[in-house]
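Spelled out from the first residue to the last, the chains are:
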Amino acid sequence: MVIRFGRLGDTVLLQPLLHKLHLRYGRPCRLLALGGWPPALYAGQRDVSRVITFRTQHRPLWMSPLRLRAALALRRMREAPFYICEPDLRTRTKVRPMLALAGIPAEHCVFIEDMPSQQDEHWADWLVRFGEATPAAFRETHGKKVASVRAAPQLLASAAERSDCDAWLYARGLNDRPLVLLQPANKRTMRWNGVRHADDDDKSWPTSRWAALARSIIDHLPGVRVMLCGAPAEARYLDSIQQAAAHAAVSVAASDLPLGRLRALLEVAHSMVSVDTGPAHLAAAMGCPLVVLFGSRLPSQWAPRGSNDNAVKVLGGLPAIRRVDEIETAQVMAAWRHLPTRR
């Protein structure tokens, strides 16, 4: 049983750990995660047999029926080894009360907080290293090491997702064109009353630069189509970029891009340019060549990882810069042009 209450990118980065534990114990993992999308993310993935989720962790346990239901589900898994991948504060206030209610024995649990990260260690490397730990109750039966696991997530789209994506692309007239995806927004982009002010979002890249990048890609790659991707709440923001680009080859996909379709789309897209956000991690895990723009975070700890190291180009990030808008359009275009060619 693996527990992680992270966002999309955090949950993508779990995949190498899940694979390692699958190899060690001979059975796929069960995952307790946060939000409505983890079941779609790991649907059909051989390292995960079940995903248990709830929507929010902010309410007290006794006031959250979904958390209570999840804790009861854990009760039925008391004999399993538990790997808790949460930082110390959330472990104390969110995870341990659920484990106590479920009656999980302490000797069945290991906590990543007891294996501190090394200096500048990437989260995926930390998680894979954590996978070498063994709860006390299982040390005699599962204490053996397994072959090394590469700390780079790898995911696959299902046949149904591919078929759905093919039909969707055909309906849009995009099934026979190279397709470059742009992911301009992150979780902080939108507020209840519109787009967050750029000064309050270190991942914000000006609309004019996204539009200029789209036009440069179109000029460089004959026949290409550029698709602006995002969540339904980001549709108006993406529309503003499309209007600034003022080109028929630029389209918006926000209201009709669920996670399964996005996963299949990333499996066939030419490439992606994204700010540091969850879909960038998903792109790397799907093998999509990627340029990712960092603000005030350390790429050494958080950069997306994929099966091909050369397919991910990182720009910005600490300690060099603190804001994405310090990155010029020409730098992004140069990085995109040096991405490996995808068949």
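Note: the structure precedes this text.
Residues numbered from 1 in each chain as written. Predicted model: local features only at pLDDT ≥ 70, side-chain atom pairs only at ≥ 80, totals over all residues. Heavy atoms only, no water.

**With respect to the sheet that holds strand S5 (residues 109–111)**
- Ordered by their spatial adjacency, five strands build an open sheet running S3-S2-S1-S4-S5, and the pairing between neighbours is parallel. Where the open sheet ends on each side, the last strands, each with one partner, are strand S3 (48–54) and S5. Averaged over all neighbouring strand pairs, the angle between strand axes comes to 20°, with direction disregarded.
- Of the pairings in the sheet, the one linking strand S2 (residues 29–34) to S3 comprises six bridges and is parallel in character. Bridging from a neighbouring strand, cysteine 29 pairs with valine 48 of S3. (Pairing = 2+ DSSP bridges. Helix = DSSP H or I, 4+ residues; strand = E, 2+ residues; numbered from the N terminus. Axes fitted to C-alpha atoms, helices over the stretch in contact; angles between N-to-C directions.)

**Re the packing of aromatic side chains**
- Here the structure, examined in full by the defined rule, presents seven aromatic pairs.
- Ring geometry for tryptophan 123 and tryptophan 126: centres 4.7 Å apart, planes at 55°, overall tilted. In this pair, tryptophan 123 and tryptophan 126 are both assigned in helix H6 (residues 123–130), three residues apart and thus about one turn of the helix distant.
- The exposure class of tryptophan 123 is buried, given its relative accessible area of 11%.
- Classification of tryptophan 126 by relative accessible area gives buried; the value is 12%.
- Ring geometry for tryptophan 205 against tryptophan 210: centres 5.0 Å apart, planes inclined by 85°, an arrangement best described as edge-to-face. When sorted by exposure, tryptophan 205 lands in the same class as tryptophan 210, which is buried.
- One aromatic cluster is present, formed by Tyr25, Tyr83, Phe130 and Phe138 through successive ring pairs.
- Between arginine 4 and the ring centre of tryptophan 123, over which it is positioned, the NZ or CZ distance is 4.5 Å.
- Above the ring of phenylalanine 111, the side-chain terminus of arginine 96 is found at 4.0 Å from the ring centroid. (Phe/Tyr/Trp six-rings, centres within 6.5 Å; stacked < 30°, edge-to-face > 60°. Buried < 20%, exposed > 50% of the residue type's maximum accessible area, 1.4 Å probe, protein only. Lys NZ or Arg CZ within 6 Å of the ring centre and 35° of its normal.)

**Comments concerning helix H12 (residues 278–285)**
- In terms of burial, H12 is a largely internal element, eight of the eight residues being buried.
- Among the residues of H12, those classed as buried are Gly278, Pro279, Ala280, His281, Leu282, Ala283, Ala284 and Ala285.
- Within two residues after H12, glycine 287 carries a phi angle of roughly 80°, on the positive side.

**With respect to the packing of helix H4 (residues 65–75) against helix H5 (residues 88–102)**
- As a packed pair, H4 and H5 sit with axes 8 Å apart at the nearest point and diverge in direction by 50°. With respect to each other, H4 and H5 are oriented oblique. Relative to H5, H4 is oriented so that their crossing is right-handed. Contact with H4, carried on its side by Arg67, Leu68, Ala70, Ala71, Leu74 and Arg75, involves Thr93, Lys94, Met98, Leu99, Leu101 and Ala102 of H5 and no other residues of that element.
- Among the residues making up the contact of H4 with H5, the classes are represented as eight nonpolar, one polar and three charged. (Parallel < 35°, antiparallel > 145°, perpendicular 65-115°, else oblique. Left-handed = near helix turned anticlockwise from the far one by under 90°. Contact = heavy atoms within 4.5 Å. Nonpolar A, V, L, I, M, F, W, Y, C, P; charged D, E, K, R; others polar.)

**Concerning helix H9 (residues 207–220)**
- Here H9 is 14 residues long and its end C-alpha atoms lie 20 Å apart, about the 20 Å a rise of 1.5 Å per residue gives.
- Among the residues making up H9, those that are buried are Arg209, Trp210, Ala211, Leu213, Ala214, Ile217 and Ile218. (Expected span 1.5 Å × (residues − 1).)

**A look at the environment of proline 81**
- As for its position among the elements, proline 81 is in the loop between H4 and strand S4 (82–84).
- With a relative accessible area of 12%, proline 81 lands in the buried category.
- With 130 residues separating them along the chain, proline 81 and alanine 211 place their C-alpha atoms 50 Å apart.
- The contact partners of proline 81, leaving out residues within four places of it in the chain, are Met1, Tyr25, His108, Pro135 and Phe138.

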